[in-house]
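Working through the structure, step by step
Spelled out, the chains give:
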Amino acid sequence: MSEVQTEATTEKRPKKPRIPRQSMPEQSPEERIHNFNEVPFGYTEELAKLEASRCIQCKKPMCIDGCPVEIDIPAFVQLVVEGDYAAAARKIKETNALPAICGRVCPQEEQCEVVCVLAKKREPVAIGRLERFVADWEREHGLVEAPKRPAATGHRVAVIGAGPAGLTVAGEMAKYGHEVAILEALHEPGGVLTYGIPEFRLPKEIVRKEIDYLKSLGVTIECNVVVGKLVTVDELFAEGYEAIFIGTGAGAPWFEHLEGENLSGVLSANEFLTRSNLMKAFDPEHADTPILPAKKVAVLGAGNTAMDAARTGVRLGAGEVSIVYRRSRTEMPARIEEIHHAEEEGVKLELLTKPIRYLGDERGRVKQMECIRMELGEPDDSGRRRPVPVDGSEFLMDVDCVIVAFGTNANPVLGQSTPNLELNRWGYIKADEENGQTSIPGVYAGGDIVTGAATVILAMGAGRKAAKAMHEYLMSLGGEGSQPASGE
Amino acid sequence: MFPVRRKTQLSEDVFDFDIEAPRIAKKRQPGQFVIVRVAEGCERTPLTIADADAERGTIRLVVQRVGTSTRKLCDLSEGEAIRDVVGPLGKPTHIENWGHCVCIGGGVGIAPIYPITRAAKEAGNRITSILGARTQDLLILVDQMAELSDEAIVITDDGSSGKQGLVTDALRELVGRGEEIDMVICIGPTVMMKFVALLTKELNLPTLVSLNPIMIDGTGMCGGCRVQVGSETKFTCVDGPEFDGHLVDFDDLMKRQRVYFGQEQESLKHYHEKCKLGA
């Protein structure tokens, strides 16, 4: 374990001794590259109290608005100061059923923490770390308890996809008293929390426990159900579900269609991570699913998924792992913390570099990647400076595995089987930004299948809004429910 | 859980199962497949649905023992259960009344060609089936295929059953005797499909093949099953599994299918050792 470090703030003449923002103790890079255990250990009670005491309890707290699920942050932080962690956990769970997950994977630095008043002059309160501490404390002390169930409304809701959006909708709808069934295509619930985010960043035991909490609210989860194949949206209505939420994610990998892309050893980040996370290929003693024993890995792209893939590659024993990205460090979309962790673990950054084609050996395995160097030109539509190839800068990079982490497309399966469901030109579902309403009455959608690839918490935020609208919709149907609504 | 209702051994390494999966049995159409995960720790294995009985609520799967997970599947007895079965996946076969349809099945590929042959028959086609294998022991469902066919030709590499030769020889002979052929559907080992497609391209016969690449989720999420079809990269799980045989890059597919061969052998060795210890 490394020493507890403090992120020092330098101020010339402090009026009173200031407590610096507290770091979490974590596994050292040398140690953690050999295991899949979680990297940070989390706050101790002392550290949590100290950090919580930094909150000045603003009269008009900005942090709540910064949170996509509007957690009453000052209130839970105050409960941490008072040492009433169980109450703090209950406070968070009023609006967020998955706090141990959010405390780990939310980009707080661009949500609640960026608007923290302290951030103007010093460093913001470490809200994410406190959320994580509270959720872990509650779970580790066996105090997770289901809130009282409200009277059943008699209304039935189907949720398609057990990822962050679907789980949130399910939790909210159960709290309103509706009967909720989640239908999940894979053999385990969790969506990207299970197949995508690695164990060392989000232990699957924690995902399972948070899902157990939802089940304790009365939510049922049926795995191995591909909606669009085994059952259609119209058939769900016919089965008596009165409102349906679609949270199927943006699960189709994006390829650039470069020469040699179908060589063995060139694979999507989705495939690589699914093999390692969902299928547990990192543990060959207990899992049959193989993963390539690569020595020189290039990961294409610079988002959080790219960092996850690179760090997984390191742990699987690749001696050399590089992130290949066509823009510069400033434009990298991954969280700074993830980039920092990756670099600590020896991941190299090949910036301003773009692959052109892949070269293989006689067995059809990738052995080299031809790249070209880039330079930044004028800003493009996204406001980022457009990368432009540098003539004559082509070079070959030796690789035996290339992980494509450029992003994802909309998955076509559900759209193809639901003719009335309006999609945009990229295949994502058209849904009202405020309430998730789609072109079919009673059908709502949210998360990546609406917005394209985004974050866990934004999907959860969309789920919360949709749940509120779905509740109002169900109540407007009147009666005791069980009126089969039309799928038209 | 999905209980095994019936299990029959068809040849040394090929087993025939009825699996209780009522909703899939009701929904599936010819050409579609399921993904099974036998138990915790097992791979997700794609298997074409050979048949289904909607009333009994069962689907029929014909499984060849190849790697560790298929071996574990074949070790299940009646009454035991598969942990996960998901489907029906993939697009159903596009069936119409083409006229004369030649259905070619190779080895364990005869199982998935069976429901397609029946659908083609029901659509009004005249059916000639060509059933091939290395040797007699590896031929399956011959009687059932013969029942559906106006003519059934059996051919083995070693001549132990039917004629001696390859399925392409039988197809050539059909054409040689002046048969008009309107559609060829071929399912079998990739190398067999490759040579059938080469021949039918030469003969200008439209040809459908069903591919069996490496696959994980089966819902378009991982892209492991991508295959070159003409100028496009297709995902077998959601765009297929059937494609125009004249457009598929079979050499590319075969290389991709072999990528984990070494690790599969290693895994199988461990499994055999464990079984010996347990015995």
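Residues numbered from 1 in each chain as written. Chains lettered and ligands numbered in written order. Predicted model: local features only at pLDDT ≥ 70, side-chain atom pairs only at ≥ 80, totals over all residues. Heavy atoms only, no water.

Topic: the sheet that holds strand β11 (residues 348-350) of chain A
Residue and element names in this part refer to chain A. If you trace the five strands from one edge of the open sheet to the other, you get β8-β16-β9-β10-β11, paired in parallel fashion. On the outer flanks of this sheet lie β8 (266-268) and β11, each paired with one strand and no other. When strand polarity is set aside, the average angle formed by the axes of neighbouring strands in this sheet is 25°. Of the strand pairs in this sheet, strand β10 (residues 320-324) and β11 are connected by three bridges, and their pairing is parallel. Paired with Val324 across the bridge in β11 is Glu350. Lying on the sheet, helix α13 (residues 304-315) is in contact with β9 (296-300), β10 and β16 (401-404); it crosses β10 at an angle near 170°. (Pairing = 2+ DSSP bridges. Helix = DSSP H or I, 4+ residues; strand = E, 2+ residues; numbered from the N terminus. Axes fitted to C-alpha atoms, helices over the stretch in contact; angles between N-to-C directions. Contact = heavy atoms within 4.5 Å.)

A closer look at the state of the cysteines
Residue and element names in this part refer to chain A. Applying the stated criterion across every chain, the model contains zero disulfides over all chains. Cys106 takes part in no disulfide bond, and the closest cysteine sulfur to it belongs to Cys102, at a distance of 4.1 Å. Classification of Cys106 by relative accessible area gives buried; the value is 6%. (Disulfide = S-S within 2.5 Å. Buried < 20%, exposed > 50% of the residue type's maximum accessible area, 1.4 Å probe, protein only.)

Some remarks on the domain arrangement of chain B
All names here are of chain B. Domain parsing of chain B yields domain 1 (2-89), domain 2 (97-181 + 193-200) and domain 3 (211-263). Placing a centre on the C-alpha atoms of domain 1 and another on those of domain 3 gives a separation of 21 Å. Counting from both sides, the interface comprises six residues of domain 1 and, opposite them, ten residues of domain 3. For domain 1, the biggest contributors to the area lost against domain 3 are Phe33, Arg44 and Pro46; these three give 59% of the whole. Where domain 1 touches domain 3, the interface holds zero salt bridges. (Domains from an automatic or database assignment. Buried area = accessible area lost by both parts, 1.4 Å probe. Salt bridge = Lys/Arg side-chain N within 4 Å of Asp/Glu carboxyl O.)

A few points about the interface of chain A and chain B
Contact residues are listed per partner, giving 46 residues for chain A and 47 residues for chain B. In this assembly, chain A packs against chain B so that about 3,700 Å² is buried in total across both faces, 50% of it on carbon and sulfur atoms. Taken as a group, Lys229, Asn262 and Asp288 of chain A account for 21% of the area that chain A buries against chain B, more than any other trio of residues on that side. Across the chain A-chain B interface, the total number found is three salt bridges. In this structure, Arg23 of chain B engages Glu222 of chain A in a salt bridge whose closest nitrogen and oxygen atoms are separated by 2.7 Å. Taken together, chain A and chain B are joined by 19 residue pairs in polar contact (both at pLDDT 80 or more). Taken together, the elements giving at least two residues each to the side of chain A that touches chain B come down to β7 (252-253), β8 and α12 (269-278) of chain A. Among the elements that take part in the side of chain A that touches chain B, α12 of chain A stands out by supplying four residues, more than any other. (Polar contact = N/O pair within 3.5 Å; in protein donor to acceptor, adjacent residues only side chain to side chain.)

Topic: the packing of aromatic side chains
The full count for this structure, using the stated rule, is six aromatic pairs over all chains. Look at Tyr85 of chain A and Phe133 of chain A: their rings are 5.1 Å apart centre to centre, the planes differ by 90°, and that puts the pair in the edge-to-face class. Here the residue Tyr85 of chain A occupies a position in helix α5 (residues 85-93), and Phe133 of chain A occupies one in helix α7 (residues 127-140), the gap between them amounting to 48 residues. The buried category is assigned to Tyr85 of chain A, whose relative accessible area is 3%. Geometrically, the ring pair formed by Phe255 of chain A and Phe235 of chain B is edge-to-face, given 6.4 Å between the ring centres and 85° between the ring planes. Pair noted here: Phe255 of chain A is in the loop between β7 and β8 and Phe235 of chain B is in strand β15 (residues 232-235), and the two residues belong to different chains. Accessibility expressed as a relative area gives 11% for Phe235 of chain B, which makes it buried. An aromatic cluster is built from Phe36, Phe200 and Phe282 of chain A, whose rings are joined through pairwise contacts. Directly above the aromatic system of Tyr213 of chain A lies the positively charged group of Lys93 of chain A, at a separation of 3.8 Å from the ring centroid. Over the face of the ring belonging to Tyr241 of chain A we find Arg156 of chain A, whose NZ or CZ atom lies 4.3 Å from the ring centre. (Phe/Tyr/Trp six-rings, centres within 6.5 Å; stacked < 30°, edge-to-face > 60°. Lys NZ or Arg CZ within 6 Å of the ring centre and 35° of its normal.)

Quick notes on the side chain of Arg226 of chain B
Inspection of the secondary structure puts Arg226 of chain B in strand β14 (residues 226-229). Salt bridges are absent for the buried Arg226 of chain B, whose nearest opposite-charge side chain, Glu271 of chain A, sits at 4.7 Å. Here Arg226 of chain B is in contact with Phe255, Glu261, Asn262, Val266 and Leu267 of chain A together with Thr233, Lys234, Phe235 and Arg256 of chain B, once residues within four sequence places are set aside. (Lys, Arg positive; Asp, Glu negative; His and termini not counted.)

Brief notes about the sheet that holds strand β3 (residues 33-37) of chain B
Adjacent strands of a sheet pair through backbone hydrogen bonds, lying either parallel or antiparallel. Residue and element names in this part refer to chain B. Strands sit in the order β6-β1-β2-β5-β4-β3-β7 across an open sheet of seven strands; the sheet is antiparallel. In this open sheet, the two edge strands, each paired with only one partner strand, are β6 (81-82) and β7 (84-89). Looking at chain direction, strand β1 (residues 2-11) and β6 are connected through two bridges and run antiparallel. Residue pairing in the sheet places Phe2 in a bridge with Ile82 of β6.

Regarding unusual backbone geometry
All names here are of chain B. Cis geometry marks the peptide bond from Gly87 to Pro88, where omega comes out at 0°. Note that Pro88 resides in strand β7. The peptide bond linking Gly240 to Pro241 adopts the cis configuration, its omega dihedral lying at 15°. Inspection of the secondary structure assignment puts Pro241 in the loop between α7 (236-239) and β16 (242-244). Of note in this structure, Leu141 is not a glycine but carries a positive phi near 55°. One can find Leu141 in the loop between β9 (126-133) and α4 (142-148). A positive phi angle, close to 60°, is found at Asn204, a residue other than glycine. Residue position: Asn204 is located in the loop between α6 (190-203) and β13 (207-210).

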